[in-house]
Amino acid sequence: MTTAAREKIIGDPVDRVDGPLKVTGAAPYPSDFTFPGLTHAVVVQSTIAAGTIRGIDAAEAEAAPGVLAVITHENAPALAEGPMTPLGPSPPFPLRDNRIVHRGQHVAVVVARTREQARAAARLVRIGYEETAAVLGIGDPRAPVLVNKWGLDVDRGDVTAALASAEVTYDETFTTAAVTPNPMGLFATVARWDGDRLTVHDASQDPMLVRKTLAAVFDLPETDVRVLVPYLGGGFGAGLRVWPHVILAALATRIVAQPVKLVLTRPQMFTSVGHRPETRQRVRLGATRDGRLVAVDHESTSTIGALDDGGVEPVPQTTGNAYSCPNVATHDRRARLHIPSPHWMRAPGAAQGNFAMESALDELSYTLGLDPIELRLRNYTEVHPGSGRPWSSKALRECYHAGAERFGWARRTPKTGSMRDGNWLVGYGMAGVTFTPGQAPCQASVSIRRDGTAYVRSAATDLGTGTYTVATQVTAELLGLDIDQVQVEIGDSDLPFAPYSGGSGMATSLSGAIQDAAGKLVQAFLDVVANDESSPLRGRRAAEVTTTEGGIYVTGAPSIGETYGDMLARHGLAEITADGERDPRANGASEPPSGSFAARFAEVRVDPELGLVRVTRIVSALDAGRILNEKLARSQMIGGAVMGIGMTMLEETVFDHETGRIANATFGDYLIPAHADVPDLDVVFVGTPDMVRPLGIKGIGEIAIVGVSAAIANAVYHATGRRIRSLPITVEQLL
Ligand code: MOS
């Protein structure tokens, strides 16, 4: 089966199909759902970072107006363990016992008729604590350090020997601050019983995981739990776990036997749904005088919560696969602190690790007197260094060239402080990016109805990145339909299985499932007319036909064929449905390694007297294989660059090391880029469809942020001669 050229829809800058719903306020986000008899739950959070609860006096809260229940560890029923998930064990459940492991831990939930009543009563819950010494600094010698157990550390060749004999060596330490994802949509859970079924509207990137977790915790068959996420106000990874408040909302609805809505406040979001952990990284390099890497050693410690499993934050993970180097070692460790559980946030680990590694290479380029791009090209590799096998596709070289061209890299004069514009010092910096986007088993069912329209169903979620739109485009093109003939229904755990919307893998995974369904649909239509005397497609095989013009036609003979609607009508069928599935594991080890690649270029202007830094331009050149929708892809890349500017220049979740309190857990105090901080952001797409991934898609969501920090820091160095190895880059560091 092929698709007619005139209907190439994949790649088009199609407007978001859900745009009108969103801009008119008609798209329901989790917190928008309401039901008759809806009650409201508000969490009470610990005000100490470590210790135990001595006692709880809830009498006053229970007597407050409208209060239906005050649930604490003293009266909560024992809940079963959550399941193991693809990302590790579920987070520690709330209200299990009297232990406190971080400030902001949920210690009670108050349910009342109105949210105001619940909030008022929450302040009346008196909790006595027995405080113990909290461990809050990443460098605190009391912090237990876990060695990464995910097997991602690399140990190739003999780094120690290579460093000892290298002509040029480098050894520096980098730090990155904790940052908080802060999706615009406050995380919310609305839980209710619908007969025997528990129905939950939840801000989640993984409704199937929420279903599985709630079923395990409340001892229900999975089919008796339904999780709905038609729209999500962002996630950045925060929606990849089932956080304690989700369990609390479900517990509350069981206890009060009424629907319950629980919406976290913005300050609560800082402690309740994960954050990108702080890191300390040591990078050691060995190189020849002509710029060939002979040794790379990348060591990272990032933080983890007191009861968390050693969950993976793969800070140095891409280091081993980015450049050709015979001797590479990476070490990923985690220091246990009394902090809220950190969690995956857009390009977890990679965003921080790339900052250190690409800053280090920039430093090396100055030591060697080489152009930073030239240094990277001297260590370029066409094979995936970890496996020694060729990449499925790699256009990083093109990223360097196209990005440099677009940016005007040739205008750069190598010496630091050598470029000026009036009083401003001007700096150019760049970074290379290698990233491994994910993909996971996914199902989708696709139906074609008698009116010729298609209907796609999958449990997949749209984080706000455009899943509805790209699924519509893929279906339309593969079936020869127009965009407005395709309807996509996602975000419902009752629909065919989909993996989490994360790891940059949803577009790939879902497209693979749709592609499988589309192929099966065409075969199903050919089967229907196989012996149909009046069908021009009688006896035709799938390999001979093209989907176009709302039907199936013989390839090269566009007058021979008929529409889907005609076939259905003649055979008295309302619709035909095909169930599609793709499991990337099916090809197993035979599949070549694949990656997305990018080059980042940043221009900064620095006021030498004030230490003021302005990021004035960022150019991103990206190889993500086939781009499904140029407008959405550009938007992802721009959003990632803005987030990268935030991480590099402004954002820092400040934990008070005495109390564990987050000092800036509001949008008034936590700095994120505003319009004035966001310059001209330019994006160039290079590369070609990847040969091993469905439809050639490699994934874009996470690589969108990676490399921004190093490019900016390298530009700051070029402008000022000041090497900043600590994020965020502040005025204080520059003065
Ligand atoms: Mo991303 S951290 O996998 O949402």
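Residues numbered from 1 in each chain as written. Predicted model: local features only at pLDDT ≥ 70, side-chain atom pairs only at ≥ 80, totals over all residues. Heavy atoms only, no water.

Undergrad: Explain the overall build of the protein residue by residue, including any values.
TA: A count of helical and extended segments in the protein gives 17 helices and 34 strands. Taken over the C-alpha trace, the protein has a radius of gyration of 27 Å; the compact-globule value for 735 residues is 27 Å, and the two agree within 12%. In terms of its C-alpha atoms, the protein occupies a principal-axis envelope of roughly 80 × 75 × 50 Å. Residue pairs at least 24 apart in sequence account for 81% of intrachain contacts in the protein once pairs closer than 6 positions are excluded. (Helix = DSSP H or I, 4+ residues; strand = E, 2+ residues; numbered from the N terminus. Rg over C-alpha atoms; globule rule 2.2 N^0.38 Å. Contact = heavy atoms within 4.5 Å.)

Undergrad: Please give an account of unusual backbone geometry that cites residues and values.
TA: Each neighbour pair has its own omega, and for leucine 727 with proline 728 the value is -5°, a cis peptide bond. Tracing the backbone shows proline 728 in the loop between strand S34 (726–727) and helix H17 (731–734). Non-glycine residue leucine 95 carries a positive phi angle of around 60°. With respect to the helices and strands, leucine 95 occurs in the loop between strand S6 (88–89) and strand S7 (99–100). One non-glycine residue, phenylalanine 236, lies in positive phi territory at about 55°. Mapped onto the fold, phenylalanine 236 is located in the loop between strand S15 (225–228) and helix H6 (244–256). Here phenylalanine 236 falls in the partly exposed class, since its relative accessible area comes to 30%. (Buried < 20%, exposed > 50% of the residue type's maximum accessible area, 1.4 Å probe, protein only.)

Undergrad: Outline the packing of aromatic side chains, supporting the account with residue identities and numerical values.
TA: Counting across every chain of the model gives 11 aromatic pairs. Ring-pair connections join several aromatic residues into one group, and the members of that group are Phe407, Trp409, Tyr428 and Phe601. The ring of tryptophan 243 carries the charged tip of arginine 241 above its face, separated from the ring centre by 5.6 Å. Between the NZ or CZ atom of arginine 397 and the centre of the ring of tyrosine 380, over which it lies, the distance is 4.2 Å. (Phe/Tyr/Trp six-rings, centres within 6.5 Å; stacked < 30°, edge-to-face > 60°. Lys NZ or Arg CZ within 6 Å of the ring centre and 35° of its normal.)

Undergrad: Outline the sheet that holds strand S31 (residues 596–607), supporting the account with residue identities and numerical values.
TA: Spatial strand order, S22-S23-S31-S32-S33: five strands in an open sheet with mixed pairing. Unpaired on one side and paired on the other, strand S22 (420–421) and strand S33 (680–685) mark the two borders of the sheet. Set on the sheet, helix H11 (residues 396–407) makes contact with strand S23 (424–435), S31, strand S32 (612–623) and S33; between it and S31 the angle comes to about 30°. (Pairing = 2+ DSSP bridges. Axes fitted to C-alpha atoms, helices over the stretch in contact; angles between N-to-C directions.)

Undergrad: Can you explain the pairing of strand S8 (residues 106–112)? Please cite residues and give values.
TA: Counting buried residues along S8, seven of its seven residues qualify, which places the element largely inside the surrounding structure. As defined by bridge partners, strand S2 (residues 39–45) adjoins S8 across six bridges and the pair is classed as antiparallel. By the bridge assignment, histidine 40 is partnered in S8 with alanine 112. Inspection of the sheet shows strand S4 (residues 67–72) paired to S8 by five bridges, in the antiparallel sense. Residue pairing for S8: valine 67 is matched across the bridge by alanine 112.

Undergrad: Quick rundown of the sheet that holds strand S14 (residues 197–202)? Include the residues and the values.
TA: With respect to topology, seven strands assemble into an open sheet ordered S4-S8-S2-S16-S13-S14-S15, the strand pairing being mixed. Every interior strand has two partners, whereas the edge strands, S4 and S15, have only one. Neighbouring strand axes in the sheet, compared pairwise and without regard to direction, differ in orientation by 20° on average. Both strand S13 (residues 188–194) and strand S16 (residues 260–263) contribute to a ladder of four bridges, which runs antiparallel. Residue threonine 189 lies in a different strand from S16, and its bridge partner there is leucine 262. Those strands touched by helix H3 (residues 115–122) are S2, S4, S8 and S16, and its axis lies near 25° from that of S2. The sheet strands contacting helix H5 (residues 207–217) are S14 and S15, and the helix crosses S15 at an angle near 150°.

Undergrad: Describe the packing of helix H12 (residues 467–479) against helix H13 (residues 506–528), and please don't skip the residues or the numbers.
TA: Put simply, H12 and H13 touch, their axes get as near as 10 Å, and they point 30° apart. With respect to H13, the element H12 is oriented roughly parallel. Note that H12 runs across H13; the crossing there is right-handed. On the side of H12, the interface is formed by Thr467, Val470, Ala471, Val474, Thr475, Leu478 and Leu479, while H13 contributes Met506, Ala507, Leu510, Ser511, Ile514, Gln515, Ala518 and Leu521. (Parallel < 35°, antiparallel > 145°, perpendicular 65-115°, else oblique. Left-handed = near helix turned anticlockwise from the far one by under 90°.)

Undergrad: Mind laying out the packing of helix H9 (residues 350–368) against helix H16 (residues 708–720), listing which residues take part and the relevant values?
TA: Two elements in contact, H9 and H16, have axes whose closest approach is 8 Å; the angle formed by their N-to-C orientations is 30°. Note on packing geometry: the crossing formed by H9 with H16 is right-handed. Contact residues: Asn354, Phe355, Glu358, Ser359, Asp362 and Tyr366 in H9; Ser709, Ala710, Ala713, Asn714, Tyr717 and His718 in H16. Grouping the amino acids of the contact of H9 with H16 by side-chain chemistry returns five nonpolar, five polar and two charged. (Nonpolar A, V, L, I, M, F, W, Y, C, P; charged D, E, K, R; others polar.)

Undergrad: Give me the lowdown on H11, citing residues and values where you can.
TA: For H11, with 12 residues, the first-to-last C-alpha span of 16 Å sits near the 16 Å given by 1.5 Å per residue. Of all the residues in H11, the buried ones are Leu396, Cys399, Tyr400, Gly403, Ala404 and Phe407. Projected onto a plane normal to the axis of H11, the buried residues spread over an arc of 115° and lie on a single side. If you follow the buried residues of H11, they end up packed against helix H10 (372–378), S23, S31 and S32. Immediately downstream of H11, the backbone of glycine 408 shows phi near 85°, a positive value. (Expected span 1.5 Å × (residues − 1). Arc of directions from axis to C-beta.)

Undergrad: Explain the pairing of strand S12 (residues 168–176) residue by residue, including any values.
TA: Judged from the nine bridges that link them, S12 and strand S17 (residues 279–287) form a sheet pairing that is antiparallel. Bridge assignment links threonine 176 to a residue of S17, and that residue is threonine 279. Bridge analysis of S12 against S34 gives two bridges, and the strand direction is parallel. Paired with threonine 175 across the two strands is serine 726, which belongs to S34.

Undergrad: I'd love a proper account of the nonpolar core, names of residues and values included.
TA: For soluble globular proteins, nonpolar side chains are generally found buried alongside one another. Ranked by internal contacts, the top residues of the largest apolar core, which has 105 residues, are Leu285, Leu364, Phe601, Val604 and Ile712. Sort the elements by how many residues they give to this core and H9 lands first, with nine residues. Dropping the residues within four chain positions of it, leucine 285 is found in contact with Leu163, Val168, Thr169, Tyr170, Leu293, Ala295, Val296, Met357, Ala360, Leu361 and Leu364. Counting residues in each nonpolar core, the second largest holds 51 residues, with Tyr231, Val474, Phe525 and Ala578 among its members. (Core = buried A, V, L, I, M, F, W, Y, C linked by side-chain atoms within 4.5 Å.)

Undergrad: So, the pattern of salt bridges: which residues are in play, and what are the values?
TA: Here the structure, examined in full by the defined rule, presents 36 salt bridges. The salt bridge involving aspartate 171 is made with arginine 282; its shortest N-O contact spans 2.7 Å. Separated by 111 residues along the polypeptide, aspartate 171 in strand S12 and arginine 282 in strand S17 bring together distant segments of the chain. Looking at aspartate 171, the relative accessible area reads 37%, which means it is partly exposed. Taking relative accessible area as the criterion, arginine 282 reaches 30% and is therefore assigned partly exposed. (Salt bridge = Lys/Arg side-chain N within 4 Å of Asp/Glu carboxyl O.)

Undergrad: Quick one: what's the story with the environment of methionine 345, residue by residue and with numbers?
TA: With respect to the helices and strands, the residue methionine 345 is situated in the loop between strand S19 (328–337) and H9. Residue methionine 345 is classed as buried on the basis of its relative accessible area, which comes to 2%. If we skip the residues at most four places from it in the chain, methionine 345 touches Val179, Thr180, Pro181, Phe236, Arg276 and Met643.

Undergrad: Run through the side chain of aspartate 623, naming residues and quoting values.
TA: By secondary structure assignment, the location of aspartate 623 is in strand S32. Take aspartate 623: its relative accessible area is 1%, and that puts it in the buried class. A distance of 3.0 Å separates the side chain of aspartate 623 from the backbone nitrogen of glycine 625, its partner in a polar contact. Residues within four places of aspartate 623 in sequence aside, it is in contact with Ser393, Lys394, Ala395, Cys399, Ser596, Phe597, Val686, Gly687, Thr688 and Lys698. (Polar contact = N/O pair within 3.5 Å; in protein donor to acceptor, adjacent residues only side chain to side chain.)

Undergrad: Break down the side chain of histidine 40 for me, citing the residues and quoting the values.
TA: Considering the arrangement of structural elements, one finds histidine 40 in strand S2. Apart from residues no more than four positions distant in its own chain, histidine 40 is found in contact with Val110, Val111, Ala112, Arg113, Thr114, Arg115, Ala118 and Lys261.

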